[in-house]
Amino acid sequence: MARNELDKNLIECRNKLPDHITATMRSRLDETYMMIREMEKQADKLPGETIKKRKPLRKGFVIAVAAAILGLLVLSPVLISPTMAESLIKLPIVGNIFKLAGDFGLQKAEEEGLATTVNESASHDGFTITATKVSYDGIRIALELTRTAPEGTEGALYHLRSIMNNTAKKGSFENIQVWLPSGHYGSLSLGTNQVTDPSESVLVKIEELRGEIPDQFDLTVKMGLKGYKRPFELKVPVVKMAGVTVLTSEETKTYDGENLKLTAKMDMTPITTRLTVNILDEYLLRELRFDIVDDEGNFLESLGGGIDYYEENKANYTYEAFRTRPKSITVKPFFDRAGEGKQYVPELEFTMPVPENPGDGSK
């Protein structure tokens, strides 16, 4: 049988896999290849008048196998070779953004069923934007959006390089807005892991949530595509996940000859950790940053944060989730001044014990 373009792409991707992937991964990939080729064989039996309708499916098959390959590799210790990455980067990725985003908490949300599957969409001008997955833990919201484009559309929904050099095609991402009921947020980001560029799916992260946000609500999302004035508006149902542990600490510390009252609150969820700090010294609060370390010496990766402009003398910082439940957590304040690196302030350091039972101190 003659090699068609699909076969060439599949063989190219398959041959560039590292030789030492596990037998399980190899088996799953072989099953994917066989499934796609079987679908092609079935399509070949269709009447001649349907052949034109089959053509767009070929690209979808290639996207599916590329997503499968990347989904396997991102969870394995195998490194993607530069040649393989170059080959895969040409294929827009659809879905799996929670797993591919390089965010431990979101990977956990996907693997442990903590993300809610939704199917809210908006369509016009031949395009459809669909919200496929959402996760909300009271600290941040993560949302997966996917574009379905009409045949012949050039360029993917999201390609960071094209956006940066202003060469993104008509129909690609241009802007996004969100609205929360009775609440505020500090940052809104959209994108993918670099490995997945270009992509037909993007991850929207709404972080540093503040205010009286209900446990269940509709999130309003408006996404604009380049070349089209009318935005795509969606109402996405959001439900807060269970399992939030809240720790508190109130101490008086002596620093630079002065007594300082320091109050802290830590919210721990399965996918995020948030630290809220109150210090009655605005200058010091602006200058300080905070590392979080568990009783085994593991530091959490910071996700961002800073001064709370809605409440005086308060700062909020978010971090990745703990891999395992710690016995205690130490907060290590430090200065991070240009050219000096981290300068820890042991006088302001404090430790919070974590109850063994997740129900203790939880809400």
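Residues numbered from 1 in each chain as written. Predicted model: local features only at pLDDT ≥ 70, side-chain atom pairs only at ≥ 80, totals over all residues. Heavy atoms only, no water.

**Considerations on the overall build of the chain**
The cut-off we apply is this: Under the scheme used here, helices are H or I runs from DSSP no shorter than 4 residues and strands are E runs no shorter than 2 residues, and both carry numbers assigned from the N terminus. Throughout, exposure labels follow a simple rule: accessible area from a 1.4 Å probe, protein chains only, divided by the maximum for the residue type, with under 20% read as buried, over 50% as exposed, and the rest as partly exposed. Residue contacts are counted whenever heavy atoms from the two residues lie within 4.5 Å of one another. Residue exposure ignores everything except the shown protein chains as possible cover, and the areas themselves are Shrake-Rupley values with a 1.4 Å probe.
Helix and strand content of the chain: 8 helices and 19 strands. In the chain, buried positions account for 47% of the 363 residues. Intrachain contacts of the chain at a sequence separation of at least 6 include 62% that bridge at least 24 residues. Of the accessible surface of the chain, which amounts to about 19,000 Å², a share of 49% is contributed by carbon and sulfur atoms.

**Some remarks on the pattern of salt bridges**
We apply this condition: Any carboxyl oxygen of Asp or Glu that lies within 4 Å of a side-chain nitrogen of Lys or Arg is treated as forming a salt bridge with it.
Going through the model one piece at a time under the given rule, you end up with 17 salt bridges. Where E207 meets R140, a salt bridge forms, and the shortest distance between an N and an O atom there is 3.6 Å. Of the two residues, E207 sits in strand β7 (residues 201–207) while R140 sits in the loop between β2 (127–136) and β3 (141–148), which places them 67 residues apart along the sequence. Across the pair, R140 and E207 agree in class, each one buried. For E200, the salt bridge is made with R147, and the minimal N-O distance between the two is 2.9 Å. Of this pair, E200 sits in the loop between β6 (187–191) and β7 while R147 sits in strand β3, placing them 53 residues apart in sequence. Across the pair, exposure class does not vary: E200 and R147 are buried alike.

**Some remarks on the side chain of K314**
Cut-off, in case you're wondering: Residues adjacent in sequence count toward polar contacts only when both atoms are side-chain atoms; beyond that, a polar contact is any pair of N or O atoms within 3.5 Å, and within protein one must be able to donate a hydrogen and the other to accept it.
Along the chain, K314 falls in strand β16 (residues 314–320). Only 2.8 Å separates the side chain of K314 from the side chain of E311, close enough to count as a polar contact.

**Thoughts on the pairing of strand β9 (residues 216–225)**
Our working definition: Two strands form a pair only when DSSP identifies at least two bridges running between them.
Most of β9 is tucked away: 7 of the 10 residues are buried. The pairing of strand β4 (residues 173–179) with β9 spans 6 bridges and is antiparallel. Looking across to β9, one finds that I176 is bridged to M223. Taken together, the 8 bridges between β9 and strand β10 (residues 232–239) define a ladder with antiparallel strand orientation. In the strand pairing of β10, M223 is matched with F232. Hairpin geometry of β9 and β10 is characterised by an intervening segment of 6 residues between the two adjacent antiparallel strands and by a positive phi of about 90 degrees at G227.

**Thoughts on the sheet that holds β10**
Two orientations exist for strands paired in a sheet by backbone hydrogen bonds: parallel and antiparallel. Note the threshold: Every angle, taken between N-to-C directions, lies between 0 and 180 degrees, and every axis is a line fitted to C-alpha atoms, over only the stretch in contact when it is a helix.
Across the sheet, which stays open at both edges, the 3 strands sit in the order β4-β9-β10 with antiparallel pairing between neighbours. Of all the strands in the sheet, just β4 and β10 have a single pairing partner and so form its edges. In this sheet, adjacent strand axes meet at a mean angle of 25 degrees when their direction is disregarded.

**A word on the environment of M241**
Relative to the assigned elements, M241 resides in the loop between β10 and β11 (245–255). Taking the C-alpha atoms as reference points, M241 and D137, separated by 104 residues in sequence, lie 5.2 Å from one another. In contact with M241, other than residues within four places in its own chain, are L114, S135, Y136, D137, P270 and I271.

**Some remarks on the packing of aromatic side chains**
Defined as follows: Any pair of Phe, Tyr and Trp rings, taking the six-membered ring for Trp, is counted once the centres come within 6.5 Å. Such a pair is stacked with planes under 30 degrees apart, edge-to-face with planes over 60 apart, and tilted for the rest. In this analysis the charged atom, NZ for Lys or CZ for Arg, is taken to sit over a ring once it is within 6 Å of the ring centre and within 35 degrees of the ring normal.
One pass over the full model with this rule turns up 5 aromatic pairs. On the numbers, 5.6 Å between centres and 80 degrees between planes, the contact of Y136 with F217 is edge-to-face. You can see Y136 sitting in strand β2 and its partner F217 sitting in strand β9, a full 81 residues away along the chain. The exposure classification of Y136 matches that of F217, with both residues buried. The aromatic ring of Y228 is capped on one face by K170, whose charged end is 5.0 Å from the ring centroid. Residue placement shows R337 over the ring face of F335; its charged tip is 4.1 Å from the ring centre.

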